[in-house]
Amino acid sequence: FISGYLFSYLQEERGKYPTFRALLENKVHRLVIPYIVFGLFYMITQQNFHPIRLFEGDFSHFWFITMLFWCFITTGLIRMIPNSNKLGFRLCVLICSFALLFVNWHIPKILGIQSLPLWLFWFYLGYVVSPYREQIYAFLSKRKYLLLLCVAVYGIELVYTMNHAATIDQRS
């Protein structure tokens, strides 16, 4: 959520990542290369050298780096679609990404893309919320029960996602 929120802020208000190519180059340099370098270093120091696991993208505690990479790339591709900055379009993407949470995907393990359906919703939610943060804060501050409902939905979804991720790990 926070990464998507900051991505939107940097893109919308700071003009960062003006093109998809700029985004891709930045994320390869800032996420993929460090993932590979530190992953290899970790494997060597732990005497557990299995480079294929590294290229599957779910190696040890580094899994979140490849997941973030795919969230950035997917959101960057989505924003290339005409009218993707309109709220209605963004809400449709949010609904679709939320639905993806409950589908049992069999995505090949290639640089962590298998984690995308489990986490894109939260990343994209942060991306959508960022431009409307002041209006959302004003709305929720007057309706505290909605904030509690949001926290409850988050808790239920988080438990489901963690159980689903554990099921995927057990299969592999």
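Remember, it's a predicted structure, so these values are computed and weren't measured experimentally. (Residues numbered from 1 in each chain as written. Predicted model: local features only at pLDDT ≥ 70, side-chain atom pairs only at ≥ 80, totals over all residues. Heavy atoms only, no water.)

In this structure, what is going on with the pattern of salt bridges? I would like to understand it.
Close approach of charged atoms lets side chains of opposite charge pair. Evaluation of the coordinates by the stated rule reveals 4 salt bridges. The partner of Arg21 in a salt bridge is Glu25, and the shortest N-O contact between them spans 2.8 Å. One end of the pair, Arg21, and the other, Glu25, are both in helix H2 (residues 20-45), 4 residues apart, so they sit about a helical turn from each other. Here Arg21 falls in the exposed class, since its relative accessible area comes to 61%. Arg53 is the salt-bridge partner of Glu56, the closest N and O atoms lying 3.9 Å from each other. Residue Glu56 and its partner Arg53 are located together in helix H3 (residues 51-56), separated by 3 residues, close to a single helical turn. You can call Glu56 partly exposed: its relative accessible area is 21%. According to the relative accessible area criterion, Arg53 is partly exposed, its value standing at 35%. (Salt bridge = Lys/Arg side-chain N within 4 Å of Asp/Glu carboxyl O. Helix = DSSP H or I, 4+ residues; strand = E, 2+ residues; numbered from the N terminus. Buried < 20%, exposed > 50% of the residue type's maximum accessible area, 1.4 Å probe, protein only.)

In this structure, what is going on with the side chain of Lys27? I would like to understand it.
Along the chain, the position of Lys27 falls in helix H2. Put simply, Lys27 is tucked away with no salt bridge, and the nearest opposite charge, on Glu25, sits 12 Å away. (Lys, Arg positive; Asp, Glu negative; His and termini not counted.)

Please explain the environment of Pro131 as it appears in this structure.
Secondary-structure assignment places Pro131 in the loop between helix H6 (116-129) and helix H7 (133-142). Those residues in contact with Pro131 that sit more than four places away from it in its chain are Ser8 and Arg90. (Contact = heavy atoms within 4.5 Å.)

Please clarify how the packing of H2 against helix H4 (residues 63-78) should be interpreted in this entry.
Angle between the axes and distance between the axes: these two values describe a pair of packed helices. Taken N-terminus to C-terminus, the directions of H2 and H4 make an angle of 175 degrees; their axes are 10 Å apart at the nearest point. Classified by the interaxial angle, the pair formed by H2 and H4 is roughly antiparallel. Judged by residue contacts, Phe20, Leu23, Leu24, Lys27, Val28, Leu31, Val32 and Tyr35 of H2 engage Ile65, Thr66, Leu68, Phe69, Phe72, Ile73, Gly76 and Leu77 from H4. (Axes fitted to C-alpha atoms, helices over the stretch in contact; angles between N-to-C directions. Parallel < 35°, antiparallel > 145°, perpendicular 65-115°, else oblique.)

Please explain H6 as it appears in this structure.
Two residues of an α-helix separated by three or four positions point the same way, owing to the 3.6 residues in each turn. Between its terminal C-alpha atoms H6 stretches 19 Å, which fits the 20 Å expected from 14 residues at 1.5 Å a residue. Most of H6 sits inside the fold, with 14 of its 14 residues counted as buried. (Expected span 1.5 Å × (residues − 1).)

Mind showing me how you'd approach unusual backbone geometry here?
Both trends apply: most residues other than glycine have a negative phi, and most peptide bonds are in trans. With a phi angle near 50 degrees, Gln47 is a residue other than glycine that sits in the positive phi range. Mapped onto the elements of the fold, Gln47 is located in the loop between H2 and H3.

Which parts of the structure should I look at to understand the packing of aromatic side chains?
What describes a pair of aromatic rings is the distance from one ring centre to the other and the angle between the planes of the rings. A full pass over the atoms with the stated rule returns 15 aromatic pairs. A centroid spacing of 6.5 Å and a plane angle of 85 degrees characterise the contact between Trp63 and Phe64, whose relative ring orientation is edge-to-face. For the pair Phe69 and Trp70, a centre-to-centre distance of 5.1 Å together with 75 degrees between the ring planes defines the contact as edge-to-face. Each member of the pair, Phe69 together with Trp70, is buried. Each residue in the set Phe7, Tyr17, Phe72, Phe123, Tyr124 and Tyr127 is aromatic and connected to the rest through ring pairs, giving one cluster. (Phe/Tyr/Trp six-rings, centres within 6.5 Å; stacked < 30°, edge-to-face > 60°.)

Help me out: how do you make sense of the nonpolar core in this one?
Side chains of nonpolar character tend, in soluble globular proteins, to be buried together. Ranked by internal contacts, the top residues of the largest apolar core, which has 35 residues, are Phe7, Tyr35, Cys71 and Tyr124. Where this core is concerned, the elements lending two or more residues are H2, H4, helix H5 (87-100) and H6. In terms of residue count, the dominant contributor to this core is H6 (12 residues). With near-sequence residues (within four places) excluded, Tyr35 lies in contact with Arg53, Leu54, Gly57, Asp58, Phe59, Phe62, Ile65, Thr66 and Leu111. (Core = buried A, V, L, I, M, F, W, Y, C linked by side-chain atoms within 4.5 Å.)

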